[in-house]
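If you want the building blocks of each chain, they are given just below.
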Amino acid sequence: GEKNSKVEFRCCGFGSSNQQTASVPFHPWTLQMPSKDINNKDVKFAKILHAVGEFGKFQWRLVALTFIPGILLAFLYAEHFLFTDQEHYCNASWILAVGPTLSESEQLNLTLPRAPNGSFQMCLMYLPVPWDLGSIIQFGLNHTTTCQDGWIYPNSKKSLCLTPHFDLVCGKEPREESFQSISMAGFLTGSLIFGFDTLGHYPAILISLLGLTIFNFGTAFVSSLHQYFFSRFLVSQAVIGYRISSVCLATEWLVGNHRAHAIFLEHCFVSVGVLFLMGLSYSLPHWWLLFLVGGPPVLLFIFYIWILPESPRWLMMKRKVEEAKQVLCYAASVNKRIIPCTLLNELQLPGKMVTEATALDFYYNRHLRKVILVVGCIWFTVSYTYFTLTLKMRDFGMNVHFRQAMSGIMKVPVQLCCIVIFEHKGRKWALIATLIQTIIICCLLLIFQAPDSGWGLSCLDTELKSTVMLIFMLGESSVAATITVLFIYTAELLPTVLRATGLALVILASSGGVMSSETIIHQILSLHPVILCCILSCMALYSSFLLPETKDQPLSDSLEHFSKAR
């Protein structure tokens, strides 16, 4: 008669003849159909995961192994610290042939023209003349030309910067949007490669880690800017492959709020990684050391080959029932729990279950089509807003280390606050809350904008400028939390058989939002980018009301109940 009754389970003894018993909490909701559309097999699988243990030693180990490498994913953002402005002057060492004892300041005074403000011109020099030193000092030089023998960098030894290495000055600077375009191209191709999900989540994670190791380490040895871009393109592929596969693996192994906690934790690890990257970039003397430090540590996770388990849900969808039972029993043994024979034996695939699916199902299946279109629009909006705020924040001329430090620090508490909404109100309302917060922040930015003066940065006093910068950082952190919510929500809305493919499709939409942000900010100057942030966020807010709640609902594995919506 007790409400919190206990159910005694007996072990089937996979690989062992020991008969043990264990008491696990009985969860009534798993024995009832959450809705008419939820397949009975999905409910049974949820019951098995509860029998394995909701969050025991096995789940702790899974989360640690899957998400700790997220710290090293932050090396994707190394460009923020490597392509900073660097003081430079034309190399005018020709004058040493007539004045070998001249000091550096004397060389500059004699060979470089000055700007109206009195500083030396950075991209011009006086044309060399066949005079002696006395004549040069007496009459001076008048005819200027562009730098002919390269450049000198007075502070290069104190800065971790690629600019001196590739001479990226005086018209040779790479456009800021080029870095984002390279990353987005990597995300696009990586999504297509890892979105097919033919190998499984476990091999995809291993391949991604191997790619991160090789290409991060290889970046330290590039000899041209094009080689650097190609290396970062491959790193971007590995990063997005790891993100998709790790989210799918955690989603399919964990239950309830533990799933949300784990994925939020992964994104917090990335923020911690950015702080770690910032510390390294501040302390290391050479840029290539940054990649030598960031590449090899990934090799520490090569032991994943022996201990990282495949998703039992994915194995079931590939009709590998016995392998799925084995990994479930292994997880139960690590948690010192026992799965009952009767429950485990129910884990069978009916002959009619739809376990084969392709990306075309997102077109032919009406329900999946509606979900992916709505979620894709929200991903587009969130990515556009995030990168718009990030790019506009650079207009303040803030020190890159300070900006990244404040951004990384603010993201962690915002992510933790979002977990509270997740636990009490569910995924849908967490998404709605973060979108409303984004709209409010964008409106505040429009209010603080000085009229008829662009962004009015030069017209703002110090106190108001600090307030606007704080709003920008809060907005960036809020949108970052929205991205985390979307990762969890999207993964739960999609069936196991198409989960990785669906995440790949929304990443494509996200990349479109980033590229649109760059285009609007750098080319369409007449359209205020933050106004579009407000409009798109309102549309995304409306779209989010169309999505179903997934809190406390069993994950869908096959297309069986989705086929009813064809």
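Please read all numbers here as calculations on a predicted model, not as lab measurements.

Caption draft 1: View of the overall build of the protein. Within the protein one finds 23 helices and 6 strands. Taken across its 566 residues, the protein has 55% of its residues classed as buried. Sequence-distant contacts, at least 24 apart, represent 80% of the contacts inside the protein between residues at least 6 apart. Accessible surface computed for the protein: about 25,400 Å², of which carbon and sulfur atoms make up 62%.

Caption draft 2: Layout of the environment of Gly70. Here Gly70 lies in helix H3 (residues 70-73). Among the residues examined, Gly70 registers a relative accessible area of 0% and is labelled buried. Separated by 196 residues in the primary sequence, Gly70 and Glu266 place their C-alpha atoms 6.2 Å from one another. In contact with Gly70, other than residues within four places in its own chain, are Phe269 and Val270.

Caption draft 3: Summary view of the packing of aromatic side chains. Under the criterion given, the structure shown has 13 aromatic pairs. Between Tyr228 and Phe291 the ring centres are 6.3 Å apart and the planes differ by 70°, which places this aromatic pair in the edge-to-face class. Of this pair, Tyr228 sits in helix H10 (residues 225-253) while Phe291 sits in helix H12 (residues 287-294), and the two are 63 residues apart along the sequence. You can call Tyr228 buried: its relative accessible area is 0%. Here the aromatic residues Phe58, Trp253 and Tyr330 are joined through ring pairs into a cluster of three or more.

Caption draft 4: Broad picture of the confidence of the model for the protein. For the protein, per-residue confidence averages 77 on the pLDDT scale, and residues scoring 70 or more make up 83% of the total. Mean pLDDT values over the elements of the protein span from 36, in strand S2 (residues 21-25), up to 89, in H10. Below pLDDT 50 for its whole length, residues 1-11 participates in 26 contacts with residues either more than four positions away or in separate chains. For the stretch residues 450-459, pLDDT sits under 50, and the model shows 11 contacts to residues farther than four places along the chain or on other chains.

Caption draft 5: A look at the state of the cysteines. For the structure shown, the criterion picks out 2 disulfides. Each disulfide pairs two cysteine sulfurs, and for Cys90 the partner residue is Cys147, the sulfurs being separated by 1.7 Å. Its torsion about the S-S bond being -65°, the disulfide of Cys90 and Cys147 is classed as left-handed. One end of the pair, Cys90, is in strand S3 (residues 89-90); the other, Cys147, is in the loop between strand S5 (144-146) and strand S6 (151-152), and 57 residues separate them in sequence. Taking relative accessible area as the criterion, Cys90 reaches 1% and is therefore assigned buried. The class of Cys147 is buried, set by a relative accessible area of 16%. Not engaged in a disulfide, the cysteine Cys442 finds its nearest cysteine sulfur in Cys534; these two sulfurs lie 4.5 Å apart. The closest cysteine sulfur to the non-disulfide-bonded Cys533 is located on Cys442, 4.7 Å from its own sulfur.

Caption draft 6: Highlighting a nonpolar patch on the surface. Taken together, Ile436, Ile440, Leu444 and Ile447 make up a surface patch of nonpolar side chains, about 360 Å² in accessible area. Within the secondary structure, Ile447 sits in helix H20 (residues 427-448). Under the relative-accessibility criterion, Ile447 is labelled exposed at 63%.

Caption draft 7: Up close: the packing of helix H9 (residues 201-219) against H12. Running from N to C, H9 and H12 point in directions that differ by 165°, and their axes come no closer than 7 Å. Considering the angle they form, H9 stands roughly antiparallel to H12. The handedness of the crossing between H9 and H12 is left-handed. Each of Asn216, Phe217 and Thr219 in H9 lies in contact with H12, whose residues at this interface are Trp287, Phe291, Leu292 and Gly294. Grouping the amino acids of the contact of H9 with H12 by side-chain chemistry returns 4 nonpolar, 3 polar and no charged.

Caption draft 8: Quick look at the side chain of Thr438. As for its position among the elements, Thr438 is in helix H20. Here the side chain of Thr438 touches Thr434 through a polar contact of 2.9 Å, landing on its backbone oxygen. When near neighbours in sequence (up to four residues on either side) are disregarded, Thr438 contacts Thr385, Ser478, Val479, Thr482 and Ser537.

Reading the values: the criteria
- Residues numbered from 1 in each chain as written.
- Predicted model: local features only at pLDDT ≥ 70, side-chain atom pairs only at ≥ 80, totals over all residues.
- Heavy atoms only, no water.
- Helix = DSSP H or I, 4+ residues; strand = E, 2+ residues; numbered from the N terminus.
- Buried < 20%, exposed > 50% of the residue type's maximum accessible area, 1.4 Å probe, protein only.
- Contact = heavy atoms within 4.5 Å.
- Areas by Shrake-Rupley, 256 points an atom, 1.4 Å probe, with all protein chains shown as cover.
- Phe/Tyr/Trp six-rings, centres within 6.5 Å; stacked < 30°, edge-to-face > 60°.
- pLDDT = per-residue confidence, 0-100.
- Disulfide = S-S within 2.5 Å.
- Patch = residues over 30% accessible without salt bridge, like charges linked within 9 Å, V, L, I, M, F, W, Y side chains within 5 Å.
- Salt bridge = Lys/Arg side-chain N within 4 Å of Asp/Glu carboxyl O.
- Axes fitted to C-alpha atoms, helices over the stretch in contact; angles between N-to-C directions.
- Parallel < 35°, antiparallel > 145°, perpendicular 65-115°, else oblique.
- Left-handed = near helix turned anticlockwise from the far one by under 90°.
- Nonpolar A, V, L, I, M, F, W, Y, C, P; charged D, E, K, R; others polar.
- Polar contact = N/O pair within 3.5 Å; in protein donor to acceptor, adjacent residues only side chain to side chain.

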